[in-house]
Amino acid sequence: MKTVITYGTFDLFHSGHKRLLERAKKLGDRLIVGVTSDFYDQQRGKLNVYQSCAKRIENVKQTGLADQIIVEEEEGQKISDIQQYNVDIFAIGSDWLGKFDYLKEYCDVIYLPRTQGISSTELRLKQNKIIRIGIVGTGRISSRFVRESKYVSGLELEAVYARNIDKAKAFAETNEIPKAFSDYIEFLENVDAVYIAVPHHVHYDYSRVALNNKKNVLCEKPLTLNATQATELFAIAKANNCILMEAVKTAYAPAFDRLVSITKSGIIGDIKAIDATFTKLITDKTLREYDYNQCGGAFSELGTYPLLIIAKLLGVTPSHVSFLTEIDKETGVDVFTRANLIYRKAICSATVGIGVKKEGDLCIAGTKGYIYVPAPWWKTEYFEIRFEDLRLTRKYFFKFDEDGLRYELASFIRAINGINKNKYMLNERDSVFFAQIMENFKKGTNVTNL
Ligand code: C2G
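Residues numbered from 1 in each chain as written. Predicted model: local features only at pLDDT ≥ 70, side-chain atom pairs only at ≥ 80, totals over all residues. Heavy atoms only, no water.

1. Some remarks on the side chain of Ser322
Here Ser322 lies in strand S13 (residues 320-327). Among all residues touching Ser322, those that are not within four sequence positions of it are Arg338, Ala339, Asn340 and Asn446. (Helix = DSSP H or I, 4+ residues; strand = E, 2+ residues; numbered from the N terminus. Contact = heavy atoms within 4.5 Å.)

2. Focus: helix H10 (residues 227-239)
With 13 residues, H10 extends 18 Å from end C-alpha to end C-alpha; this agrees with the ideal 18 Å at 1.5 Å per step. The complete set of buried residues in H10 reads Ala227, Ala230, Leu233, Phe234, Ile236 and Ala237. Here the buried face of H10 lies against helix H9 (203-212), strand S11 (244-247) and helix H15 (428-443). Measuring from the side-chain oxygen of the N-cap residue of H10 to the backbone nitrogen of Thr228 gives 3.2 Å; that N-cap residue is Asn226. Once H10 ends, the next one or two residues include Asn241, with phi positive near 55°. (Expected span 1.5 Å × (residues − 1). Buried < 20%, exposed > 50% of the residue type's maximum accessible area, 1.4 Å probe, protein only. Polar contact = N/O pair within 3.5 Å; in protein donor to acceptor, adjacent residues only side chain to side chain.)

3. Focus: helix H1 (residues 15-26)
For H1, built from 12 residues, the straight-helix expectation of 16 Å at 1.5 Å per residue is met to within 8% by its first-to-last C-alpha distance of 17 Å. Turning to H1, its buried residues number three or more, namely Gly16, His17, Leu20, Leu21, Arg23 and Ala24.

4. Brief notes about the site of the ligand
Taken together, 22 residues are adjacent to the ligand, and Phe10, Lys46, Glu72, Asp95 and Trp96 come closest. For the ligand, an oxygen atom lies 2.8 Å from a polar atom in the side chain of Lys78. The contact in question runs from a nitrogen atom of the ligand to an N or O atom on the backbone of Thr115, over 2.9 Å. For the ligand, whose accessible area on its own is 630 Å², the fraction buried by protein is 96%. When its residues are assigned to classes, the shell around the ligand shows seven nonpolar, eight polar and seven charged. (Near = heavy atom within 4 Å. Areas by Shrake-Rupley, 256 points an atom, 1.4 Å probe, with all protein chains shown as cover. Nonpolar A, V, L, I, M, F, W, Y, C, P; charged D, E, K, R; others polar.)

Given below as structure tokens:
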């Protein structure tokens with residue numbers, strides 16, 4: 001008698017889930033299915049689960065494939081389940097390849113190929129709750145996006161686009177994405193929404209064409225490098241009833257949201273200064289970040305993050321903006337830049353570097369106290385509110401899972417499904433502001449070279 005166990009959320013139950021259970025069942029004589037509890041999904045950072053645990057258990061029950069259904073409540077439970085139920089085989093989809101090898105000490109571990117592509121009839125039946133995502137670009141960030149996407153319910157990665165079809169096919173194969181294209185229009189016909197992760201200077205073109213074809217767009221930052229183009233893209237999105245979001249991951253992270261709310265509540269009094277730094281030392285000058293023609297440079301690469309916290313707390317109408325910068329002679333891109341933004345009663349600095357390393361922290365100074373977020377503040381997990389009297393210091397701890405791309409992706413999916421449609425953390429006003437500041441810098445307005 002061979003016992004097989006598998007686990008999953010089984011939200012918006014579809015053919016991929018059913019096929020997984022069928023194949024798992026065939027591996028032995030008896031199948032146990034562990035359905036994740038809502039609490040455990042929260043703990044492991046799985047976002048956007050639509051259905052309750054009871055409903056998800058019902059989904060599994062209705063297949064008639066499970067001999068026993070259990071609830072997975074916590075990290076580490078798999079080992080005790082395997083021992084308690086005398087499990088011979090642990091089976092799971094190949095999107096988890098390697099992740100559960102540690103269970104090999106206790107039973108056989110089998111990764112079953114994921115079902116690629118969910119049928120369109122099925123999608124219609126579910127009122128389009130499952131969004132088909134297409135990825136534009138096959139670079140480093142696209143791979144991270146794939147890894148994070150499995151932590152967001154309600155989407156399927158459907159297609160990938162690259163100018164070079166071989167690259168697209170290789171990426172699709174490695175990441176178990178059903179379709180690969182080098183024809184952008186054909187690619188768009190196969191998806192509901194796109195994630196654009198190509199070099200900065202082509203963000204505008206890819207976003208515009210996608211929106212004109214009525215596809216929702218999540219575009220890597222900076223969305224565009226001038227304000228006119230950003231405004232235009234939002235107008236096209238509106239005209240086509242589509243969501244357009246700039247992928248500034250920090251903006252969608254739970255801790256950042258709290259940081260902004262707490263600061264706005266007035267706990268540190270009036271804000272007088274914001275100093276935010278983000279440096280990422282890059283020594284390989286053959287990379288995109290050093291390519292002048294692809295709009296490389298520290299400010300276009302990293303400037304959005306410090307500008308984000310400034311915009312969220314003080315708005316988008318500074319009275320004066322100036323820059324200090326050092327340009328790399330060899331490549332012509334900026335390697336160290338500080339933007340100074342002056343507001344009516346506050347001064348801010350946004351410091352970035354790809355050729356200089358500095359503590360990547362954030363300090364928000366107020367008339368009653370200050371908030372300190374240690375590096376890396378853009379992946380906010382922890383911050384302190386400090387006062388003159390040190391005994392009053394308050395410490396806040398949060399969770400920021402891995403790359404954090406899952407938060408922006410979850411917000412994007414919610415926005416597409418009409419939940420919090422107009423409330424997403426980063427709005428048109430912010431994105432146009434970022435683009436305007438980038439434009440000023442590129443044009444040399446109030447720029448002093450070091
Ligand atoms: N699955 C699949 N094909 C799809 C989608 C999902 O084969 N197109 C598989 C997954 O690989 C997984 C199972 O169906 O084995 C359940 O998937 P989810 O509900 O997304 O659950 P998951 O987040 O993968 O949880 O402890 C929980 C486990 O780690 C897995």
